[in-house]
Amino acid sequence: MKTNLLGIMTQRIGTPGRFMRHARAAVSAGFSGVLLFAPGGVRLTSKRIEGFVYVSGSRWRKTSSVYPTVAIDIGYYTKRETVHQSIRIKNSTPIRFTGFASGNKWTIQQHLLASPVIRPHLLPTKPMKTTEDAFAFAREHGTIMIKPINGKGGKGIMKLSRADDGWTLRRNGRAVLSGNERNVRSVLRKAAAGGSYLLQRWIDIRNPEGRVFDIRSLVQKNGSGEWVTTGTAVREGPPNSITSNICGGGRACDTRAYLQGIFEPDKVDELMDRLGELSRHIPPHLEADYGKRFTEFGLDFAVDRSGELWLLEANIKPGKSVIRKVYGEDAARRSFLLPYQYARHLATHS
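Throughout, a residue's number is its position along its own chain's written sequence, starting from 1. This being a predicted model, a pLDDT of at least 70 is required before a residue's local features are given, and a value of 80 or more before pairs of side-chain atoms are given or counted; all residues contribute to the totals for chains, interfaces and linings. Each side-chain value is derived from all of the structure's non-hydrogen atoms; neither hydrogens nor water enter the calculation.

## So, the packing of aromatic side chains
- Between 30 and 60 degrees the pair is tilted, below 30 it is stacked and above 60 it is edge-to-face, where a pair is any two Phe, Tyr or Trp rings, Trp via its six-membered ring, whose centres lie within 6.5 Å. Summed over all chains, the structure comprises seven aromatic pairs.
- Between the aromatic rings of F135 and W167, the centroid separation amounts to 4.9 Å while the plane-to-plane angle is 85 degrees, which identifies the pairing as edge-to-face. Here F135, found in helix α4 (residues 131-141), pairs with W167, found in strand β11 (residues 166-171); they are 32 residues apart in sequence, far enough to count as distant.
- For F135, a relative accessible area of 0% puts it in the buried group.
- Exposed residues in this analysis have more than 50% of their type's maximum accessible area, buried residues have under 20%, and partly exposed residues fall in between, with area computed by a 1.4 Å probe over protein chains only. Take W167: its relative accessible area is 4%, and that puts it in the buried class.
- Here W227 and F297 contribute two aromatic rings whose centre-to-centre distance is 5.8 Å and whose plane-to-plane angle is 35 degrees, an arrangement assigned as tilted. Of the two residues, W227 sits in strand β15 (residues 227-236) while F297 sits in strand β17 (residues 296-303), which places them 70 residues apart along the sequence. Neither W227 nor F297 differs from the other in exposure class; each is buried. Where helices and strands are cited, they refer to DSSP runs of H or I of at least four residues and of E of at least two residues respectively, numbered from the N terminus.

See below:
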């Protein structure tokens, strides 16, 4: 019997049983099973893949297979070699991946700036080449955020601001350091060693209780290949955090209800309308500007104390825990299944 397998590429397989949820999602979308593989298992010369296959009603087994027609990339690649391997596979094989790499935060920023609709909602941002860049940027903008160019989950973010006696540097989850520029520069140099960072103007996105919050808008392609907004949710950081990361004491909340606790009704309506407009505009714009397919985006917005809406990030492999926390298990399941339904659409439409 001819099988119709969905390829699933990930950074490391380990025990294939860990991916049963993905396999079941593929089967529910209409595939006969999955071909699970890591970038290192793709043999470009022989045009075969070493991995594991699962067909509905059977067990996982090792296999050497021809290329699947369509594949989803669920991997989070941290090693440079694996990143390059995954890009080469997408560019050098006939496999139709549902989505492609978007590059680092600075690359994404350039594509976002190409839209006159998005541009007014972007904060001043530039790469940090030296620590002097950070202090010069802070002199220009007051307080700034220093973000890892390839970071995720709020890790590694720092905040630099002027203080009465010099400068203050704060690393998320760590104590504040204050002192003269020379001392703070020395600490910043060590903290940023070995990494690439972006500088971004800081805005006050604390609620009346002083907690940082932002809004995650999850936008995905459905089984017809159309972009739909699956849901939005506020992410509120724990006390004294400089980010909205909900780990370690943060929480997720309904967007409209949360904003109603801060702003007047007309302002809430305005923000919700603008949030919806931007969520509909950004994914197709990025696809057109990159000239590549994408499957889903986690769009992170912030609202400052004056009620201005800002786009902070556009993530191509977004976490979906806030959807579960705000909308429940059924909504979380639907958001998990949508990429597999889109993959099926891609497999059946040229």
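## Concerning the layout of surface pockets
- For each structure, a 1 Å grid was placed over the protein atoms alone; sets of points admitting a 1.4 Å probe that cannot get out are labelled cavities, open sets with protein on both sides within 12 Å along at least five of seven lines are labelled pockets, and lining residues have an atom within 4 Å of a point. Grid points are joined across faces, edges and corners, and a volume is the space filled by probe spheres set on the points. Here the second largest pocket defines a volume of roughly 550 Å³.
- I74, Y76, E296, P318 and K320 are the residues nearest the centre of the second largest pocket, which is lined by 25 residues in total.
- For the lining of the second largest pocket, the elements supplying multiple residues, two or more each, are α1 (20-28), β6 (70-73), α8 (321-327) and α9 (329-348).
- The biggest single contributor to the lining of the second largest pocket is α9, with five residues.
- In the scheme used here, Gly and all other residues not listed as nonpolar or charged are polar, with Ala, Val, Leu, Ile, Met, Phe, Trp, Tyr, Cys and Pro taken as nonpolar and Asp, Glu, Lys and Arg as charged. Across the lining of the second largest pocket, the residue classes break down as 11 nonpolar, seven polar and seven charged.

## A closer look at the pairing of strand β10 (residues 158-163)
- Judged from the three bridges that link them, strand β9 (residues 144-148) and β10 form a sheet pairing that is antiparallel. Bridging across to β10, I144 finds its partner in L160.
- One bridge is not enough; two strands pair if DSSP finds at least two bridges between them. Where β10 meets β11, six bridges bridge the pair, whose relative direction is antiparallel. Following the sheet pairing, L160 is matched in β11 by L169.
- Joining the antiparallel neighbours β10 and β11 is a turn of two residues.

## A few points about the domain arrangement of the chain
- Domain start and end points were adopted from an automatic or database domain assignment. In terms of domain boundaries, the chain breaks down into domain 1 (5-97), domain 2 (105-121 + 206-348) and domain 3 (125-201).
- Put simply, the middle of domain 1 and the middle of domain 3, counted by C-alpha atoms, are 39 Å apart.

## A few points about the nonpolar core
- To define a nonpolar core, start from buried Ala, Val, Leu, Ile, Met, Phe, Trp, Tyr and Cys residues and group those joined through side-chain atoms within 4.5 Å. Counting residues in hydrophobic clusters, the biggest one holds 29 residues, and the most contacted among them are L112, L259, I282, L299, F301 and L311.
- Here this core takes eight residues from helix α7 (residues 265-290), the largest share from any one element.
- Here, two residues are considered to be in contact whenever any of their heavy atoms come within 4.5 Å of each other. Residue contacts for F301: discarding those within four places in its chain leaves D214, I215, S217, L275, L278, S279, I282, L309, W310, L311 and L312.
- Counting residues in hydrophobic clusters, the runner-up holds 24 residues, among them I13, F19, F31 and A343.

## Structural notes on the packing of α4 against helix α5 (residues 181-191)
- Lines fitted to the C-alpha atoms define the axes, with helices restricted to the stretch that makes contact. Angles between their N-to-C directions range from 0 to 180 degrees. Across the interface, α4 lies against α5 with an axial gap of 10 Å and an inter-helix angle of 125 degrees. With respect to their mutual orientation, α4 and α5 come out oblique. Crossing of α4 against α5: the hand is right-handed. Across the interface between the two elements, T131, E132, A134, F135 and R139 from α4 touch E181, V184, R185, L188 and R189 from α5.
- A breakdown of the residues in the contact of α4 with α5 according to their chemical character gives four nonpolar, one polar and five charged. Angular relationships are summarised with four words: roughly parallel below 35 degrees, roughly antiparallel beyond 145, roughly perpendicular across 65 to 115, and oblique for the angles in between. A crossing counts as left-handed when the near helix is turned anticlockwise from the far one by less than a right angle, and as right-handed when that turn is clockwise.

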